[in-house]
Amino acid sequence: MFTFLYLLSNLVGYFLSFNFILSKLKVSEQRIKRSSYLSLLLLGIQLVSSTLCELLVIDDLAALLLTIIIFLAVIRKFLVLTVWQTILIPIVVPIIGQLCFVIVFAFSIKVFGPITV
């Protein structure tokens, strides 16, 4: 249940972030399709890099840096960005995704009660 909430809330947060960023970059055609594709791409890259770092027993910071580096290489193929936008997008979008996760998790605890193991 926890993993499902984590993935779903991050996906929603990523989608909202990419939709906002694409609107600020004045992308008008197929913005919803592009933001959903970029959201799934970022979530997939994040899952692969986290799994890889977990298998190699490397710190979570390494997984974050690996995610940012891979996503920087991939996003340059989809969007024409300046240097500061290329660096800022992979950092801000996961932060907003985590914020959405915290909100969903707090709401689920409020509705369903605390998690017991």
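What counts, and at which threshold
Residues numbered from 1 in each chain as written. Predicted model: local features only at pLDDT ≥ 70, side-chain atom pairs only at ≥ 80, totals over all residues. Heavy atoms only, no water. Helix = DSSP H or I, 4+ residues; strand = E, 2+ residues; numbered from the N terminus. Expected span 1.5 Å × (residues − 1). Core = buried A, V, L, I, M, F, W, Y, C linked by side-chain atoms within 4.5 Å. Buried < 20%, exposed > 50% of the residue type's maximum accessible area, 1.4 Å probe, protein only. Contact = heavy atoms within 4.5 Å. Axes fitted to C-alpha atoms, helices over the stretch in contact; angles between N-to-C directions. Parallel < 35°, antiparallel > 145°, perpendicular 65-115°, else oblique. Left-handed = near helix turned anticlockwise from the far one by under 90°. Patch = residues over 30% accessible without salt bridge, like charges linked within 9 Å, V, L, I, M, F, W, Y side chains within 5 Å. Areas by Shrake-Rupley, 256 points an atom, 1.4 Å probe, with all protein chains shown as cover. Salt bridge = Lys/Arg side-chain N within 4 Å of Asp/Glu carboxyl O. 1 Å grid on protein atoms, 1.4 Å probe; cavity = no way out; pocket = protein on both sides within 12 Å on 5 of 7 lines; lining within 4 Å. Points joined across faces, edges and corners; volume = space filled by probe spheres on them. Nonpolar A, V, L, I, M, F, W, Y, C, P; charged D, E, K, R; others polar.

K.L.:
Please clarify how helix 2 (residues 31–55) should be interpreted in this entry.
P.N.:
Within an α-helix, residues lying three or four positions from one another point in the same direction, as the helix has 3.6 residues per turn. Along its 25 residues, helix 2 runs 36 Å from first to last C-alpha, staying within 8% of the 36 Å computed at 1.5 Å per residue. Looking at the residues trailing helix 2, positive phi occurs at Val-57, about 55°.

K.L.:
Explanation requested: the nonpolar core in the structure shown.
P.N.:
Generally speaking, a soluble globular protein has its nonpolar side chains buried in company with each other. Of all hydrophobic cores here, the largest spans 15 residues; its most connected members are Phe-18, Phe-71, Ile-89 and Val-93. At the level of elements, helix 1 (2–24), helix 2, helix 3 (60–78) and helix 4 (83–112) are the ones that each hand at least two residues to this core. The contact partners of Ile-89, leaving out residues within four places of it in the chain, are Phe-18, Ile-21, Phe-71, Ile-75, Leu-81 and Pro-94.

K.L.:
Would you explain the packing of helix 3 against helix 4 in this entry?
P.N.:
When two helices pack together, their arrangement is given by the angle between the helix axes and by the axis-to-axis distance. Packing of helix 3 against helix 4 brings their axes to within 10 Å, and their N-to-C directions diverge by 125°. If you check the angle between helix 3 and helix 4, you find them oblique. Helix 3 and helix 4 meet at a crossing whose hand is right-handed. From helix 3, Ile-68, Phe-71, Leu-72, Ile-75 and Arg-76 reach across to helix 4, where they touch Thr-86, Ile-87, Ile-89, Pro-90 and Ile-91.

K.L.:
Explanation requested: a nonpolar patch on the surface in the structure shown.
P.N.:
On the surface, a cluster of nonpolar side chains totalling about 380 Å² of accessible area is made up of Phe-4, Leu-8, Val-12 and Leu-16. Among the secondary structure elements, Val-12 is positioned in helix 1.

K.L.:
What exactly am I supposed to notice about unusual backbone geometry here?
P.N.:
Leaving glycine out, the prevailing phi sign among residues is negative, and the prevailing peptide bond configuration is trans. Located in the positive-phi region is Gln-30, a residue other than glycine, with phi close to 55°. Even without being glycine, Val-57 reaches a positive phi, approximately 55°.

K.L.:
Would you mind showing me how to read the environment of Val-57 here?
P.N.:
You can see Val-57 is positioned in the loop between helix 2 and helix 3. Sequence separation between Val-57 and Asn-10 is 47 residues, and the spatial gap between their C-alpha atoms is 24 Å.

K.L.:
Got a minute to help me understand the layout of surface pockets in this structure?
P.N.:
The probe, sized like a water molecule, is rolled over the atoms to show the empty space still left. When its volume is computed, the largest pocket comes out at roughly 330 Å³. Considering the residues around the largest pocket, the lining is formed by 18 residues, among which Tyr-6, Gln-46, Ser-50, Leu-64 and Gln-98 are closest to the centre. Listing elements by their share of the lining of the largest pocket, those giving two or more residues are helix 1, helix 2, helix 3 and helix 4. The element best represented in the lining of the largest pocket is helix 2, accounting for 6 residues. Among the residues making up the lining of the largest pocket, the classes are represented as 11 nonpolar, 6 polar and 1 charged.

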